[in-house]
Every structure is written in C-alpha cells, then in structure tokens.
Amino acid sequence: MVARAVLQAPDITRALTRIAHEIVEQSKGADDLVLLGIPTRGVVLARRLHAILAEIAPGAAEVGALDVTMYRDDLSRQPTRAPAPTQIPAAGIDGRTVVLVDDVLYSGRTIRAALDALSDLGRPTAVRLAVLVDRGHRELPIRADFVGKNLPSSTSERINVHLTEIDERDEVTIE
Amino acid sequence: MRHLLSTADLAREEAIVLLDTAEDMADVADREVKKLPTLRGRTVVNLFFEDSTRTRVSFEVAAKRLSADVINFAAKGSSVSKGESLKDTAQTLAAMGADAVVIRHSASGAAQVLAGSGWIDAAVVNAGDGTHEHPTQALLDAFTIRRRLHGAGSRGRDLDGVTVTIVGDVLHSRVARSNLWLLTALGASVRFVAPATLLPIGIGAWPVETLHDLDVAIDDAPDVLMMLRIQTERMHAAFFPNEREYAREWGLDDARLGRLPATTMVMHPGPMNRGLEISSAAADSAASTVLEQVANGVSIRMSVLYHLLAATGEAS
C-alpha cells in the first residue's frame, strides 16, 4: 500500500507548540516539570517540547529519557531488543510532575511499562502523557493528556513517524 | 543468541550489544530500587562443580536484580558426591523447570556438552570450563577497559587500537583464551607474556604475539596489563622452579609498577595471590581495576542473562 502523509513538518511543529502551551496552562505555569521521552522518537519529541517550553516558560522544565524495554510485557513474544539509555535529571522525579512523551499511542502497553519503570525511580506528584499521534485501539485503561493529532486507524494500517534528528525529515505517514 | 559458551562465537556487533546493554544494567545499581521485573518467573540454576565465590555470587546478584529465581547448586554436598553424572544432574534440573543453567566445571567443554546434549532445554551459560573458556569474565574485562577509556561515552564503542598485554599462566588460563578471542574481535591487539612452559602448544596459530620477557612488554607501555592468577590447583608439574623466581621474572612488583605509564590499567581476574603475580601496591594502586571488574561483572551477567532469556519463554 502507498504511504500517505498525514502530518507534514509545519503540522508537527504546530502540534508540539500547542502541546507545550497546554502543558504550561494545565500545570499553572510550569515550575517543576520533567519531560521524559520514551526511546527512540519520544526522546526527540521530548527535547523539542523542552526547547519550546524554554521559550514560553524559561527554566521551568527539565528533559530526560525513560527506557521501558526491561518493563515490557511482550519481551518473550519478540526477538530480544537492546535497551536504550535512561537519563533522569540529577534532581530526580520525586515530588515533581512528569510528562511522558511518545510518538504514537496505540495499545497503551508501552505507557503501562513506563508507569512501572517510573515507580522504580521515585514518586512523582503527577504523571501526564503527551503523544504526537493517538491512533486508538487501546488494550489498557490509559489515555493521553496532550495529543498532537487523533488519527483513527485500522489495526492493519501502519503509522510511521519520521523525525529530522533520526530520519532526516519531519513527516507522519499512514500505510 | 541461544547459549553463551565461548567468546570465539561472538561477532563484534553481538559483543558490542552485550556491552551496551551492560551499561544500562550498570545504571540500575545506582537507583533506589535496584531491581528490574524483566525475568520474573524465570529460574536460573547456578551449577558449580568447581569452587568459586565471585563468579557464583555475581551471577546470583545479576539474576536476582532481574527478578529471576535463583537456585544454587554446588557439587559438594549434592548427589554429585554420590556419583551422579552430569547427564542425570541436568535431567533433574530440567524436570524442575530451569530456564537457564550457569555451569562451571573443571572439564573443558562441559558447557558445550550440556548445551548440545538435548538433556535439558535451558539456555546454557559457560561460567568457566577447565582451561577452555570463561566468556563472562572476558566480557566484563572488555567492559571495564572500555569504561576506563571512554567513560560515559562508552556506548557503541569498540576497542580499536587498544594494546593489551596478558601476563602469566596462559597454559591453564580460560580467562586468557576468552579475552584473546573477544578483545581481538573488538579490535584490540593482544600480547601474551609467559615462561615458555606456561604457553600452550600450537599457540602460533592464534592471533597473538608471545613474549617471554615482562620487562620488554612493560617498556612498550601497553594500555592494559592483565596479570593472571597462578593456579596452584592446576600446577601438577614443575612449570617454573619456585614461586620466588616466578615473582621475580613475571610478577608485577613495585619497581615494574613504577615504570608503567600512569594511564596503563592493571587488571586481575581474581582471586589474587598478592606478592606472587601481583604486589600489594600494584593491586591497590589507582591503576588497578580489580574492584571495578567485580562491580562490572554483575552488569555484564545481567546483560547476558537478559539477552539469553528475555526472548524465550511461552513463545519458544
């Protein structure tokens, strides 16, 4: 099937800018935020969000990465994957608001794993979820607080997120 | 990867993935909760037919940090002392549902036999077989070298151009063999220094340069100087006149330590015979990586168990 572009570079930037504003709005200023990207593309998105936040609310948020490989419930059903590094800001996550950032929200199992991983690292005041694309088909009672684009899809379709830092272009396609 | 029997089977990319995963595992040791749920419900059996403290404890800690259940089986005090064969022991463990068997045995090839026998369906990790191989030791040595050289930027790096000199009882050393294959695969160049009596026959075919004079090797300022243990339990013939003469010719004493560049790391797989192959000053100096090696051993074994076990289970 031919891949059809659903988000272009300007759409992605606009969505992230909106999400950044929503995060600030919802956390009433943003003085103790930790943005944690889920590898691989979630980390890139978290860094971009952090850069935008630095303009609207300087010094308010820190950024990091949270690898969830070791917490997945589907490890035994897939070929072994190598974990990616987890980077938590030096101040930790205790008593702060964590915003998890991922590219696509689908079954919700990655986020379930991320919540488990977080509880081993500390006790945040609140955990929020920001995703670029929500494609539906949840298998767990999990929802996103900040969504770039809702993209109703069929399970047979594939959603590909391309980001300049990794894939040399900004684009979301469906095929 | 199904089993880990020998570092000679490891391609460079596989080895780097194992080392990179160990970097992530090392971070777990600094956390509040030093445990990952990854291998919950899996059983790891430590099957030790030979004495060991650090390797067995290291595997036990590694398995427990990954939430696996650990059964320690020492040949002393088991039915092996009543004459049970490796086959019967393995089948007993299989019947109890072991997912991985970590085996140390005094016979070279014991791990290979267990893995290829069909007696047991578990992943087999060689934790030292006779004078053949000790792959996790080599992996932790490579990991230690890489961390000392590149620090936090170690991920994805190999050991291209690093010079490693391994000194001592190469003949009986599984550590030397495993290190040779692994370090060579990672791009390092390896040199053995030993008395002619302690070099194996046929070593000319190995990708290694051999020397008999430690002072010459030290003057060449290697990046890594690895001292091997004199294995008194395997010294059944007169390989050298006496211990004092060995220490004088092939031991890392204080004078030789002083001649090494400050950047050279001094490694030892342990347990050390202080005053024989390594002086106390050398073992406790800033150049020594001995305690780092022990700490890194846990991370490496977590990485190995993860890669062997995570993808097996219900699906296999």
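Residues numbered from 1 in each chain as written. Chains lettered and ligands numbered in written order. Predicted model: local features only at pLDDT ≥ 70, side-chain atom pairs only at ≥ 80, totals over all residues.

K.L.:
Looking at this model, I keep getting lost on the domain arrangement of chain B. Mind explaining?
P.N.:
When the parts come together, some accessible area is lost, and that loss is often what is quoted as the size of the interface. Residue and element names in this part refer to chain B. Taken as a whole, chain B is organised into domain 1 (7-133 + 295-309) and domain 2 (135-294). Elements supplying a minimum of two residues to the side of domain 1 that touches domain 2: helix H1 (12-28), strand E4 (123-129) and helix H11 (290-309). With eight residues, the top contributor of residues to the side of domain 1 that touches domain 2 is H1. Looking at the side of domain 1 that touches domain 2, its residues break down into twelve nonpolar, eight polar and seven charged. (Domains from an automatic or database assignment. Helix = DSSP H or I, 4+ residues; strand = E, 2+ residues; numbered from the N terminus. Nonpolar A, V, L, I, M, F, W, Y, C, P; charged D, E, K, R; others polar.)

K.L.:
When you look at the interface of chain A and chain B in this model, what are you seeing that I'm missing?
P.N.:
Across the contact, 17 residues belong to chain A and 19 residues belong to chain B. Taken together, the residues that form the side of chain A that touches chain B break down as eight nonpolar, five polar and four charged. (Contact = placed C-beta atoms within 7 Å.)

K.L.:
Looking at this structure, I do not really get the packing of helix H5 (residues 135-150) of chain B against H11(B). What am I missing?
P.N.:
Between two packed helices, what matters for the description is the angle formed by their axes and the separation of those axes. All names here are of chain B. Contact geometry of H5 with H11 gives a least axis separation of 8 Å together with a crossing angle of 115°. Our pair here, H5 against H11, has a crossing hand that is right-handed. Of H11, the residues touching H5 (which contributes Thr 136, Leu 139, Leu 140, Asp 141, Phe 143 and Thr 144) are Glu 292, Gln 293, Asn 296, Gly 297, Ile 300, Arg 301 and Val 304. Tallied by class, residues from the contact of H5 with H11 come to five nonpolar, five polar and three charged. (Axes fitted to C-alpha atoms, helices over the stretch in contact; angles between N-to-C directions. Left-handed = near helix turned anticlockwise from the far one by under 90°.)

K.L.:
Explain the environment of B:Met272 to me, please; I cannot follow it from the model alone.
P.N.:
All names here are of chain B. With respect to the secondary-structure elements, Met 272 resides in the loop between strand E9 (265-267) and helix H10 (280-284). In this structure the C-alpha to C-alpha distance between Met 272 and Trp 250, which are 22 residues apart in sequence, comes to 14 Å. Residues in contact with Met 272, not counting those within four places in the same chain, are Arg 229, Ile 278 and Ala 283.

K.L.:
How should I be thinking about the sheet that holds strand E1 (residues 4-8) of chain A in this particular structure?
P.N.:
Through backbone hydrogen bonds, the strands of a sheet pair up, either in parallel or in antiparallel fashion. All names here are of chain A. With respect to topology, three strands assemble into an open sheet ordered E1-E8-E7, the strand pairing being antiparallel. Each edge of the open sheet carries a strand with a single partner, namely E1 and strand E7 (159-162). Neighbouring strand axes in the sheet, compared pairwise and without regard to direction, differ in orientation by 20° on average. As judged from the four bridges shared by E1 and strand E8 (residues 171-174), these two strands associate in the antiparallel manner. Bridge pairing in E8 links Ala 5 to Thr 173. (Pairing = 2+ DSSP bridges.)

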